[in-house]
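Structural overview
So the chains spell out like this:
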Amino acid sequence: RNVEEPVAVKVQHPGVDAQMRLDLVNLSMLLALLRRSDPEQDWRPVVSEWSAAVRLELDFAQEAASLREVARNLEVAGVVAIVPQPKDDLVTRRVLVMDFCAGVPAREPE
């Protein structure tokens, strides 16, 4: 491996996982109170789907697998795109190292 190869590093700060899970519990409790006062305001399906997505987002090994899957799907579909590839030997649940891909912010003209 070229040690001068630029990479992007994503690190999950300590406590983020626990805080996000607590936030989801609190959100569920608040929405249960809302549902009591207005039964038509039932957000349980939305919160359930969002909670599952947040759990996946908190696992950087899962994110690495998703990057590989997106790259494969785009290639099969004939879409030319740059998808950063994870450096598998440097990926853990809380650290993701991947190819660095330079880009242009969306609000800047090309």
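Scope of this entry: the structure provided in the associated data block. (Residues numbered from 1 in each chain as written. Predicted model: local features only at pLDDT ≥ 70, side-chain atom pairs only at ≥ 80, totals over all residues. Heavy atoms only, no water.)

**Description of the overall build of the protein**
A count of helical and extended segments in the protein gives three helices and two strands. Listing the helices and strands of the protein from first to last along the sequence gives β-α-α-α-β. Here the C-alpha atoms of the protein give a radius of gyration of 19 Å, more than 25% beyond the 13 Å that 2.2 N^0.38 yields for 110 residues. Taking all 110 residues of the protein together, 17% fall into the buried category. When the accessible area of the protein is evaluated, it comes to approximately 8500 Å², of which 59% is carbon and sulfur surface. Of note, the protein has its 13 positive side-chain charges centred 7 Å away from the centre of its 18 negative side-chain charges. (Helix = DSSP H or I, 4+ residues; strand = E, 2+ residues; numbered from the N terminus. Rg over C-alpha atoms; globule rule 2.2 N^0.38 Å. Buried < 20%, exposed > 50% of the residue type's maximum accessible area, 1.4 Å probe, protein only. Areas by Shrake-Rupley, 256 points an atom, 1.4 Å probe, with all protein chains shown as cover. Lys, Arg positive; Asp, Glu negative; His and termini not counted. Charge placed at Lys NZ, Arg CZ, Asp CG, Glu CD.)

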